[in-house]
Amino acid sequence: MDAKDERVDEAEGLRLIRAFLTLPPDKRAEVIAFAEELARAHGRPEEGTEASPR
């Protein structure tokens, strides 16, 4: 990945953060719940548990 791709990815990430912060609190909670569900579905350990090395 070159420096230009990294800048594009960084700019996209900042746009996503800005969009998230403009949401009302109830919609932010929905987004967080959705992201947590995706993380669980992809095998990420629950909070407070330690990840095992692969």
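Peer 1: Can you explain the overall build of the protein? Please cite residues and give values.
Peer 2: Along the backbone of the protein there are 2 helices and 0 strands. Looking at the protein as a whole, 0% of its 54 residues are labelled buried. Roughly 5200 Å² of accessible area belongs to the protein as shown, and the carbon and sulfur atoms make up 58% of that amount.

Peer 1: Report on a negative patch on the surface, specifying residues and quantitative values.
Peer 2: On the surface, D2, D5, E6, D9 and E10 cluster together to form a negatively charged patch. If you trace the backbone, E10 turns up in helix α1 (residues 3-22).

Peer 1: Go over the environment of L23 with me, naming the residues and quoting the values.
Peer 2: Among the structural elements, L23 can be located in the loop between α1 and α2 (25-41). Given a relative accessible area of 29%, L23 falls into the partly exposed group. When near neighbours in sequence (up to four residues on either side) are disregarded, L23 contacts R28 and V31.

Peer 1: Please give an account of the pattern of salt bridges that cites residues and values.
Peer 2: Enumeration over the complete set of coordinates arrives at 3 salt bridges. Ionic pairing is found between R15 and E12, a salt bridge with its closest N-O pair at 2.9 Å. With R15 and E12 both in helix α1 and 3 residues apart, the pair spans about one turn of that helix. Residue class for E12 comes out partly exposed when judged on its relative accessible area of 37%. The partner of E30 in a salt bridge is K27, and the shortest N-O contact between them spans 3.8 Å. Of this pair, E30 and K27 both sit in helix α2, separated by 3 residues, roughly a single helical turn.

Peer 1: Go over a nonpolar patch on the surface with me, naming the residues and quoting the values.
Peer 2: A cluster of nonpolar side chains, L14, I17 and L21, forms an exposed patch at the surface whose accessible area comes to about 300 Å². Structurally, the position occupied by L14 is in helix α1.

Basis of the calculations
- Residues numbered from 1 in each chain as written.
- Predicted model: local features only at pLDDT ≥ 70, side-chain atom pairs only at ≥ 80, totals over all residues.
- Heavy atoms only, no water.
- Helix = DSSP H or I, 4+ residues; strand = E, 2+ residues; numbered from the N terminus.
- Buried < 20%, exposed > 50% of the residue type's maximum accessible area, 1.4 Å probe, protein only.
- Areas by Shrake-Rupley, 256 points an atom, 1.4 Å probe, with all protein chains shown as cover.
- Patch = residues over 30% accessible without salt bridge, like charges linked within 9 Å, V, L, I, M, F, W, Y side chains within 5 Å.
- Salt bridge = Lys/Arg side-chain N within 4 Å of Asp/Glu carboxyl O.
- Lys, Arg positive; Asp, Glu negative; His and termini not counted.
- Charge placed at Lys NZ, Arg CZ, Asp CG, Glu CD.
- Contact = heavy atoms within 4.5 Å.

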